[in-house]
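This is what each chain is made of:
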Amino acid sequence: MFDELRKRISSAVKGFIKKEEKEAELPAETIPEGRGITKEPVLSVDTSVSTRIKGALTGSVKLSDDEVENFLKELEDSLLKSDVSYSATESFIAILRKKLEASRFKPREIDEMVTKEVRSSLLEMLKGSKPGIDLIKFVKERAVTGEIPVKILFLGPNGTGKTTTMGKIAAAMKRNGIESVFSASDTFRAAAIEQTEHHARAIGSHVIKSKYGADPASVAFDAIAYAKAHKIPAVLIDTAGRQETNRNLINEMMKMVKVAKPDITVFVGESTSGNALTPQIMEFSKYMKIDGIILTKLDCDAKGGNAVSIASTTGIPILFFGVGESYDALVGYTPEFVVDSILHN
Ligand SMILES: Nc1nc2c(ncn2[C@@H]2O[C@H](COP(=O)(O)OP(=O)(O)OP(=O)(O)O)[C@@H](O)[C@H]2O)c(=O)[nH]1
Ligand SMILES: [Mg+2]
């Protein structure tokens, strides 16, 4: 996961070797000492001979405007090629530009120090986004106040991992002592009901189902009634997937929202959808409020740019990443997780 973004962002090692070769041609006293290939990928700044000479003489150096701009241009191209949205790239570059222009660098540690600035700029940008709801904490708090069941609706285009993710959430709840009921509201595909039942059995959750073709909202209504009657704190509502632009699906979801009145609506999207992901989310959010996003299949996503830009582009926080098919392959979103995965520090 994030491999391509990481490679692009830290394309350094290649550039770094080239630079080392360039340095070998310089007079010995102008070569900053002690720069070798470190284990961690380090970004590479193409510094001019004059910057390095000044650095060698004074012990600290400011990057010239050209050096900053060339570096930023390269980084900007890399981010855009890795599916980071234009607006996210621009805000990141703006934060980083300020830092690079204001900083003085030790000549021997320019690349390491610039990498640190990149890290802190990425963190600053990601931390600027709205934090997501902690689902487990939310249900626990509601259980204390007695406002249960908490109803969580999972929706999104087909095949993104809605049913599997619902299973993962139920498993995480179970580990935290929270019982849940599944609403098998994907009545669009005959096998979907069995699939939901299969997950419920494996996790030890309850399941409410109806027949193939039944009204999905009425199944949710029954699941909520069951949870109320049995004081089960969470109802997890599975839904059918289709093309995000499919009008029937949108109508079905709107009816679901009206009938089930979910406390939390989660959009489940594939991180591998590339640039198609944001329009998918925006299409759903035209008709209903999306509270959080779970980005699945990050383990299959070489680029990883969506993880960086989704919150800043859509204004909707990422709650979790799906990183595999097993029930425990769910990672809570933190800006640090994203940045560490990219920069490997
Ligand atoms: N590698 C990987 N596979 C995943 C992940 N999440 C789900 N899958 C797989 O993706 C496939 C589709 O998952 P489902 O949960 O059936 O997706 P869905 O959105 O419910 O599909 P529909 O109900 O047909 O719309 C399954 O093979 C899952 O095992 C993930 O995070 N990583
Ligand atoms: Mg499904």
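Residues numbered from 1 in each chain as written. Chains lettered and ligands numbered in written order. Predicted model: local features only at pLDDT ≥ 70, side-chain atom pairs only at ≥ 80, totals over all residues. Heavy atoms only, no water.

**Brief notes about the overall build of the chain**
If you tally the helices and strands in the chain, you get 14 helices and eight strands. The burial tally for the chain puts 52% of its 345 residues in the buried class. Partitioning the contacts of the chain with sequence separation of at least 6, the portion at a separation of at least 24 is 75%. (Helix = DSSP H or I, 4+ residues; strand = E, 2+ residues; numbered from the N terminus. Buried < 20%, exposed > 50% of the residue type's maximum accessible area, 1.4 Å probe, protein only. Contact = heavy atoms within 4.5 Å.)

**Re the pairing of strand β1 (residues 150–155)**
In the case of a regular strand, side chains alternate between the two sheet surfaces. Burial of β1 is extensive: six of the six residues sit out of reach of the surface. Judged by which residues are buried, β1 turns out to be covered on both faces: Val150, Ile152 and Phe154 on one side and Lys151, Leu153 and Leu155 on the other are all buried. Note: β1 against strand β4 (residues 234–239), four bridges, orientation parallel. Each residue of the ladder has a partner; that of valine 150, found in β4, is alanine 234. (Pairing = 2+ DSSP bridges.)

**Describing the pairing of strand β7 (residues 318–322)**
Extensive coverage of β7 is indicated by the burial of five of its five residues. Pairing between strand β6 (residues 292–296) and β7: three bridges, direction parallel. Residue pairing for β7: leucine 295 is matched across the bridge by phenylalanine 321. Since β6 and β7 lie parallel, the crossover through helix α13 (residues 305–314) that links them has a hand, and here it is right-handed. (Right-handed = clockwise from strand over helix to strand, strands pointing away.)

**Quick word on the site of ligand 1**
In the region of ligand 1, 20 residues are neighbours, and Lys162, Thr163, Thr164, Asp299 and Glu325 sit closest. In this structure, threonine 160 approaches ligand 1 through a main-chain N or O atom, which is 3.1 Å from an oxygen atom. Take lysine 168: an N or O atom from its side chain is 3.4 Å from an oxygen atom of ligand 1. Protein contact buries 82% of the 650 Å² of open area that ligand 1 shows by itself. Broken down by element, the shell around ligand 1 gets its largest block of residues, four residues, from helix α8 (residues 162–175). Taken together, the residues of the shell around ligand 1 sort by class into two nonpolar, 11 polar and seven charged. (Near = heavy atom within 4 Å. Polar contact = N/O pair within 3.5 Å; in protein donor to acceptor, adjacent residues only side chain to side chain. Areas by Shrake-Rupley, 256 points an atom, 1.4 Å probe, with all protein chains shown as cover. Nonpolar A, V, L, I, M, F, W, Y, C, P; charged D, E, K, R; others polar.)

**Side note on the packing of aromatic side chains**
Here the structure, examined in full by the defined rule, presents three aromatic pairs. Their ring planes at 70° and their centres at 5.5 Å tell us that phenylalanine 267 and phenylalanine 284 sit as a pair that is edge-to-face. Here phenylalanine 284 lies in helix α12 (residues 277–285) and phenylalanine 267 lies in strand β5 (residues 264–270), a separation of 17 residues in the sequence. A relative accessible area of 0% means that phenylalanine 284 is categorised as buried. Residues phenylalanine 321 and tyrosine 333 carry aromatic rings whose centres are separated by 5.7 Å and whose planes lie at 55° to one another, so their mutual orientation is tilted. Note that phenylalanine 321 is positioned in strand β7 and tyrosine 333 in the loop between β8 (330–332) and α14 (335–343), a separation of 12 residues in sequence. Three or more aromatic residues link up through ring pairs in this structure, and these residues are Phe321, Tyr333 and Phe337. (Phe/Tyr/Trp six-rings, centres within 6.5 Å; stacked < 30°, edge-to-face > 60°.)

**Focus on α8**
Given a rise of 1.5 Å per residue, 14 residues ought to cover 20 Å, and the 20 Å separating the end C-alpha atoms of α8 matches this to within 8%. α8 sits mainly inside the fold: 11 of its 14 residues count as buried. Where α8 is concerned, the buried positions are Lys162, Thr163, Thr165, Met166, Gly167, Lys168, Ile169, Ala170, Ala171, Ala172 and Met173. Following α8 by one or two positions, glycine 177 has its phi on the positive side, about 75°. (Expected span 1.5 Å × (residues − 1).)

**Focus on the confidence of the model for the chain**
Per-residue confidence for the chain gives a mean pLDDT of 85, with 84% of residues at or over 70. Note that pLDDT drops below 50 for residues 12–40; the model gives that stretch 39 contacts with residues more than four away or on any other chain. (pLDDT = per-residue confidence, 0-100.)

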